Structure formats: structure tokens, C-alpha cells
Amino acid sequence: MANISLLQLSLAVLVGLAAVSGPASVRAQTSESRMTGLALSSDEPIQIESDLLKINEETSQATFSGNVRVLQGDTVLQAGEMIVHYAKNGGSVASGAADIREIDLFKKVLIRSGTQTATSDTGNFNMASETLVLSGEKVVLTDAENVFIGCKLTVEMQSGQAKLDSCGRRVMIQLDPKSRNKQ
């Protein structure tokens, strides 16, 4: 058993984008943890950069592609592509008043906040259920020298619960004893 403070992920970033509009139990296939460091916050400005932005009002989608970089505070999200799905008649992304339903991330996702980093092939943030899912061949979470590897990370923002799945293999956790809180 070990206390792990996983990533503050980019939920501040993702929730910021929407505004513009404990103990770990290790098993052979799944690792679950309470992610106490996660907080939904939209009080900092957000900056989004990409090579191309396409807004399709008909399908209610904004697609950022090519070197997508989202910054908010000390949180950085990078991906090859980010698709923002918003509600019809819920405002426009172009006006900054969209009612965002879901955000999909593709092509090498990287999220960094302070000493914590997560990488995956894809990601999805469902605004209604406040659930973030990172998935791929290898989902890697690092916090300083601590490393967590699986294939699917699911974070429920309301409860702070996180689950790291192995997808038929095994979850791997490497903990550095020097990273433990001194009491």
C-alpha cells in the first residue's frame, strides 16, 4: 500500500475550456486510487494553440489539429488533435460561449502539471459525467520518480476516484521511497 498523488491532469484546462463556453489498491489487472489533488477550476485564463482550427456549426464541433497545445496556469495539454463537441443552440466556440459536452484528444496526448505527467494515445473528457478517460497501448503516469503504467485511466472528477486498467496485461507501479511524505 502506498499513498499516491497522481496527476492534477488537465482537468483545470479542460474545465477552463468548458467555462469559455489516498491509498492505492494494486491488483493483477486494476489499480484504484482516490485522486485528492484533482480540482475543477476555471478561474485562470486558457490559451489554445494549433496549426489549424475548423469550426463546423452544423455538426457542433471545433477541431484543433496539428501541434495542439492548451495552457492554463502550470498545466499543459498537448495532442495532435483535439475535437470539442458542443450543444446545438448552446452558443458558439467562435464567440467563446459554447456549451461544451465532450472533448476528444488524439495522436499522442501529453498532460503535465508541476512534477506530474500523463501520456496516452487518446483521451476523452465527458463534461456531463465529469469523467476523464486516457487510453492507449501504454498509459504512463509519473509523479516525480513514481511511475504508474496501464492502458486505460478513468478519473471521476466529482468523487476524485481514479482507476488504472491493464487491459488483459498487468498494471505496473514503481514507487520511489524518497518521494513519501515525511511525518
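What counts, and where the lines are drawn
- Residues numbered from 1 in each chain as written.
- Predicted model: local features only at pLDDT ≥ 70, side-chain atom pairs only at ≥ 80, totals over all residues.
- Heavy atoms only, no water.
- Helix = DSSP H or I, 4+ residues; strand = E, 2+ residues; numbered from the N terminus.
- Buried < 20%, exposed > 50% of the residue type's maximum accessible area, 1.4 Å probe, protein only.
- Areas by Shrake-Rupley, 256 points an atom, 1.4 Å probe, with all protein chains shown as cover.
- Core = buried A, V, L, I, M, F, W, Y, C linked by side-chain atoms within 4.5 Å.
- Contact = heavy atoms within 4.5 Å.
- Pairing = 2+ DSSP bridges.
- Polar contact = N/O pair within 3.5 Å; in protein donor to acceptor, adjacent residues only side chain to side chain.

*Asks:* Which parts of the structure should I look at to understand the overall build of the protein?
*Replies:* Assigned secondary structure in the protein consists of 1 helix and 14 strands. The buried share of the protein, reckoned over its 183 residues, is 46%. Accessible area of the protein: about 9500 Å², with a carbon and sulfur share of 48%.

*Asks:* Looking at this structure, I do not really get unusual backbone geometry. What am I missing?
*Replies:* Excluding glycine, residues mostly carry a negative phi; peptide bonds, for their part, are mostly trans. Of note, lysine 108 is a non-glycine position whose phi angle comes to about 65°, a positive value. One can find lysine 108 in the loop between strand S7 (100-106) and strand S8 (109-113). According to the relative accessible area criterion, lysine 108 is exposed, its value standing at 68%. Of note in the backbone geometry, cysteine 167 takes a positive phi value of approximately 55° without being a glycine. With respect to the helices and strands, cysteine 167 occurs in the loop between strand S13 (161-165) and strand S14 (172-174).

*Asks:* Looking at this structure, I do not really get the nonpolar core. What am I missing?
*Replies:* Grouped burial of nonpolar side chains is what soluble globular proteins tend to show. By size, the foremost hydrophobic cluster in this structure holds 28 residues, and its most contacted members are Met82, Val84, Ile103, Leu105, Leu134 and Leu153. Mapped by element, the contributors of at least two residues to this core are strand S5 (61-72), strand S6 (75-86), S7, S8, strand S11 (131-143), strand S12 (146-156) and S13. The element best represented in this core is S6, accounting for 5 residues. If near-sequence neighbours (up to four positions away) are discounted, leucine 105 is found in contact with Leu77, Ala79, Glu81, Met82, Asp121, Thr122 and Gly123.

*Asks:* Please explain the environment of glutamate 130 as it appears in this structure.
*Replies:* Tracing the chain through its elements places glutamate 130 in the loop between strand S10 (122-126) and S11. Sequence separation of glutamate 130 and valine 155 is 25 residues, and the distance between their C-alpha atoms is 8.4 Å.

*Asks:* Mind showing me how you'd approach the environment of asparagine 89 here?
*Replies:* Within the secondary structure, asparagine 89 sits in the loop between S6 and S7. For the pair asparagine 89 and serine 60, spaced 29 residues apart in sequence, the C-alpha separation works out to 8.9 Å.

*Asks:* Mind showing me how you'd approach the pairing of S6 here?
*Replies:* Each regular strand carries side chains that alternate between the two faces of the sheet. Taken across its 12 residues, S6 has 11 buried, putting it largely inside the fold. Examined bridge by bridge, S5 and S6 share 10 bridges and lie antiparallel to one another. Counted as the bridge partner of leucine 71 is valine 76 from S6. Connecting the antiparallel pair S5 and S6 is a turn made up of 2 residues, with glycine 73 showing a positive phi of about 60°. Bridge analysis of S6 against S8 gives 4 bridges, and the strand direction is antiparallel. What sits directly across from leucine 77, in S8, is isoleucine 111. In this sheet, S7 lies alongside S6 in antiparallel orientation, the contact comprising 6 bridges. The residue of S7 that forms the bridge with isoleucine 83 is aspartate 104.

*Asks:* Help me understand the side chain of glutamine 116 in this model?
*Replies:* Locating glutamine 116 in the fold gives a position in strand S9 (residues 116-120). Note on glutamine 116: relative accessible area 7%, which makes it buried. Of note is the side chain of glutamine 116, whose polar atom sits 3.0 Å from the side chain of aspartate 143.

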